[in-house]
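# Inside the fold
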Amino acid sequence: MRLCNVLLIASLVVMTSAARGEKPFDFANTPGKLPKDVVPTDYAIRIVPDVAKMRFAGTESIRLDVKNDVRELVFNALEIDITSAAVDDNPLPRASIRPDAAQELVRLELPTDLETGPHTLTLNFSGKINKQGQGLFAAPYQEQGTNAKKTVLGTQFEATDARRMFPCWDEPSFRSRFQLTAVIPEKWTAISNMPAEAEQKVPGGKEVRFGVTPLMSSYLNVFVAGELDIIEGDAEGAKIRVIATKGKGEMGRYALEATAQILKYYNDYFGVPYPLPKLDQIALPGGFGGAMENWGGITYFETGLLFDPKNSSATTKQNIFEVIAHEMAHQWFGDLVTMAWWDNLWLNEGFASWMGTKCTARLNPQWEVWLRRTVPRDPARRTGISKEQAMEGDARSTTHPIQQPINNEAEANSAFDDITYRKGQSFIRMMESFLGEETFRDGIRRYMQVHKYSNATTADLWNSLAEASGKPVGEIAAGWTEQPGFPLITVKRETGGKVVLTQERFSIHFPDPPTQTWKIPVTYYVDAQSAPASLVMSEATAAIDEIPADRALKLNINGAGNYRVAYDESSWKMLLAVLPGMNTADRVNLLSDTWALVQANRAPLSLYTDLIERMPGNTDLAERQQIINAFDYLDALLAGAPERVGLRNYARSILRPTFDRVGWEQKADEPTTLSVLRADLIASLGTFDDAEVIAGCRERFARFLKDPQSLAPDLRPAVLNVVGRYADEKTWNLLHDLGLKSASSEEKQTFYDALTRPLDPKLAARALQIAVTDELPTSRAVYLVGKVGRFSEQPTLAWNFAKTNMKALLAKSDALGANSYASGLFTFFSDESRVGELREYATANLPVGSKKHVDIAADEVAFRAEFRARVASQIAALQPKDLR
């Protein structure tokens, strides 16, 4: 097969500086506020928390390497009161300590020049213990098996909150060794990055001293203390432990087994053995809502780590494995080698997302992990970040490049988004597919060896991959990481077996995007021909010759590429004809691309519905999930519109035959994907007014109240959500009582999710009130408002509540969520007049760091209004189908 206009990459010389406009890591030229004249090398920190007063006291000694004579020392501190300072044991007057709260800096004025060479800075300070996940925080909880109210301490430092617990050079390029000492109550256990090496009784409790860490960035420190259970084992020469609050230790058994498997896989893959003597997986009952890759002491919200075989679902089990795999990937990509500055955050998060999914897929092939990553992972709860969500956001005018400029702390916290994680993941997967799995791994091993215990930029990664592959990786990658958006490839057949490909930027609700091109690693196959093929499309057009006129041509094999494809009429008809023989990944890719074309007003809705109706009658999870999510989006869009009845009739006609095949009850030896699909269908059909499914959920809830084991864990979220949606006051109270009594974070979350679903506005208003109580951890309570706005279909009710209680709600939000919280509540509106309301509110009430999120939300509201008007008449034309 002959390729035209294809970049001949094999003969090109390896580039020495990979990414356009970026250079390899150089400490002196790395961005940041802090001067590079003074570099900390070693910290000795002592912390004395007082939980009753929600305060802590601290002292620290910092060894400094002064590169050039200086007259002041500049470092980070936030909400910390430094009471005394000394340099080389010479006390400084209190007046010389000049905090700059706005810049999150402290300046120490020195009486004379501090000369080049080693010096020691000593500080005494105090600070506050937070209720939300910023710096040192306290998480109250109910002890498992008792009614006792307890508290555990934890830390959350990424991106820039280590400075909330101790003064430090809190930028990632300032790598140092850290040695922590903490004073805690006698019955408590303390955890940090390194093993405890000494312990002694002191007034008020005991003092625990931990070992010295390797050179690392400040945000990777961790401190956890409380009444803890520990289970442990050994793997790959390291002590591995799972740590939870008392009574929950055994629920970490699955996580311990997963940790051993993953550690072995990563030691082999990276070619650098895990370098610390221990690896702790720590489950916290509150404070923050996700997981954090602190080196040697990874922290998780409990639902991300603890698995109860009797009460946890298959989805929970799979999510735990993948979250652990993601965070453990960071132990190398992020911890051992750290991005130089936050503009390269995607090096940490995009890579860990890809590596975590790759590892999970390799060790659990039956889970179909890559397909699950295409659409949201948990449609029964409508949660989870997917590739498709990231691509939809990247098609808007409000997107940004994977590698974006970061100027301050607020921008760093706002960089943790779908583009950084999922577009980064998708691009890395595409590059691995292009270079080959073994070659790509060799490049990663080079990168690790060269940059371990140091920092790196994107250019450093491209250089390592280029050296391993002999291909101009940086030249290809620049367009994907340094410019926003992604391409659409249009396929047009011409005479003589020639197929012309044309690329342009794909956009949704963005009528005149700038002209851009990418070097696209295009994969394709021709039906009935065995070997797939590829080309690098480096210009606006390319051609493939000798494609048989009667054979279907499919681009983007398995949907691994980060681009959309639109086919001309003849190519489309041939693809429809071979759908039954196509694998699930390629069918899902066609569904996703077609739905995106409808959103972009490049195709009518009928093109998508016709594709749905031609899909084989099967129970493939990802295929059905893609369809469910499209229906769900349209259903929410049409709230209050007469066309909604027709949409729901149509959706039931498509989904109900699949549910009838799956049935209510789990069958012996059925794959876990079928169990997940069953729950997804129940949740969706319940939303779409399927009377039999609603009745079935109510019957099962009644039995559940008498015997909780009568309802399979896999079905509980879906069944309870449907029950909550149509709940009366008595039912809502029953759900609330179950949530109040449960000490399990997973169970509690299931019950409280159901409480946010009622269509009855009085009950929805009661759910909103819970957000400002102490019934849930702060990281869970704050998001009840958005759930009510979305799932109870009452965004105005939710927004009015949020406006009244915004201060209390933001006090529960961590640094990563604060800037997007208020604007995110507008994304459930489909009335363009709300755009002005949002911008007026933002101008009067929100910080400058929220602007990016306000723009994104405003664009979403305007798009929803336009899409609703455009698609309503097309939905009115839909007719239910008999697909049985």
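Please refer to the structure placed before this passage.
Here the structure is a predicted model, which means the values were calculated and not measured.

Our focus in this paragraph is the side chain of H326. Mapped onto the secondary structure, H326 falls in helix 2 (residues 314–330). Look at H326 and you get buried, because its relative accessible area is 11%. For H326, the residues in contact, after removing those within four places along its chain, are E349, A352, S353, G356 and Y421.

In this section: helix 7 (residues 418–435). With 18 residues, helix 7 extends 25 Å between its outermost C-alpha atoms, agreeing within 8% with the 26 Å of an ideal straight helix rising 1.5 Å per residue. With 16 of 18 residues buried, helix 7 is to be regarded as a mostly interior element. Downstream of helix 7 by one or two residues, G436 has phi in the positive range, about 100 degrees.

Whenever strands of a sheet pair, they do so through backbone hydrogen bonds, lying parallel or antiparallel. Here we have five strands laid out as an open sheet, ordered 17-18-19-21-20, and mixed in their pairing. Two strands lie at the open edges of the sheet, namely strand 17 (228–235) and strand 20 (291–292), each paired on one side alone. Of the pairings in the sheet, the one linking strand 19 (residues 278–284) to strand 21 (residues 297–301) comprises five bridges and is parallel in character. Its bridge partner lying in strand 21, D280 is registered against G297. Taken strand by strand, helix 1 (residues 253–270) contacts strand 17, strand 18 (238–245) and strand 19, and its axis lies near 150 degrees from that of strand 18. Lying over the sheet, helix 2 contacts strand 19, strand 20 and strand 21, oriented at roughly 145 degrees with respect to strand 21.

On to the packing of aromatic side chains, then. If you walk through the whole model with that rule in mind, you get 43 aromatic pairs. Summarising the aromatic geometry, the rings of F75 and W169 are spaced 5.3 Å apart at their centres and angled 40 degrees between planes, so their arrangement reads as tilted. Within this pair, whereas F75 is found in strand 4 (residues 70–76), its partner W169 is found in the loop between strand 11 (149–156) and strand 12 (177–184), the two being separated by 94 residues in sequence. Chaining the aromatic ring pairs together yields one cluster made of Y265, Y266, Y269, F270, Y274, W332, F333, F351, W354, F440 and Y447. One residue, R429, lies across the ring of W370, its end atom 4.2 Å from the ring centre. Residue placement shows R834 over the ring face of F829; its charged tip is 4.0 Å from the ring centre.

Space inside the second largest pocket adds up to approximately 740 Å³. P140, D774, E775, L776 and P777 are the residues nearest the centre of the second largest pocket, which is lined by 33 residues in total. Elements with a minimum of two residues in the lining of the second largest pocket: strand 10 (135–142), strand 11, helix 20 (745–755) and helix 22 (778–781). At five residues, the largest contribution of residues to the lining of the second largest pocket is made by strand 10. Class assignment of the residues belonging to the lining of the second largest pocket gives a composition of 14 nonpolar, ten polar and nine charged.

When the terminal C-alpha atoms of helix 14 (residues 621–637) are compared, their 24 Å separation across 17 residues agrees well with the 24 Å that a helix rising 1.5 Å per residue should span. Burial runs high along helix 14: 17 of the 17 residues are buried.

Turning next to the environment of A630. Relative to the elements of secondary structure, A630 occurs in helix 14. Exposure remark for A630: the relative accessible area of 2% places this residue in the buried category. With 22 residues separating them in the primary sequence, A630 and Y608 have C-alpha atoms 9.8 Å apart. Setting aside residues no more than four positions away along its own chain, A630 makes contact with W595 and Y608.

A few words on empty space enclosed by the protein. Evaluation of the coordinates by the stated rule reveals six cavities of 30 Å³ or more. Volume-wise, the second largest cavity comes out at about 90 Å³. Put simply, the parts of the chain that give the lining of the second largest cavity at least two residues each are helix 18 (716–725) and helix 20. Broken down by element, the residue count for the lining of the second largest cavity peaks at four residues, all from helix 20. Of the residues that constitute the lining of the second largest cavity, the class distribution is five nonpolar, two polar and four charged.

Where helix 8 (residues 437–451) meets helix 9 (residues 458–469), the axes come as close as 8 Å, and the angle between the chain directions of the two elements is 130 degrees. Between helix 8 and helix 9, the interaxial angle falls into the category oblique. You can see that helix 8 and helix 9 cross each other, and the crossing is right-handed. Contact residues: T439, F440, D442, G443, I444, R446, Y447 and H451 in helix 8; D460, L461, S464, L465, E467, A468 and S469 in helix 9. Looking at the contact of helix 8 with helix 9 residue by residue, the classes come out as six nonpolar, five polar and four charged.

What counts and how
Residues numbered from 1 in each chain as written. Predicted model: local features only at pLDDT ≥ 70, side-chain atom pairs only at ≥ 80, totals over all residues. Heavy atoms only, no water. Helix = DSSP H or I, 4+ residues; strand = E, 2+ residues; numbered from the N terminus. Buried < 20%, exposed > 50% of the residue type's maximum accessible area, 1.4 Å probe, protein only. Contact = heavy atoms within 4.5 Å. Expected span 1.5 Å × (residues − 1). Pairing = 2+ DSSP bridges. Axes fitted to C-alpha atoms, helices over the stretch in contact; angles between N-to-C directions. Phe/Tyr/Trp six-rings, centres within 6.5 Å; stacked < 30°, edge-to-face > 60°. Lys NZ or Arg CZ within 6 Å of the ring centre and 35° of its normal. 1 Å grid on protein atoms, 1.4 Å probe; cavity = no way out; pocket = protein on both sides within 12 Å on 5 of 7 lines; lining within 4 Å. Points joined across faces, edges and corners; volume = space filled by probe spheres on them. Nonpolar A, V, L, I, M, F, W, Y, C, P; charged D, E, K, R; others polar. Parallel < 35°, antiparallel > 145°, perpendicular 65-115°, else oblique. Left-handed = near helix turned anticlockwise from the far one by under 90°.

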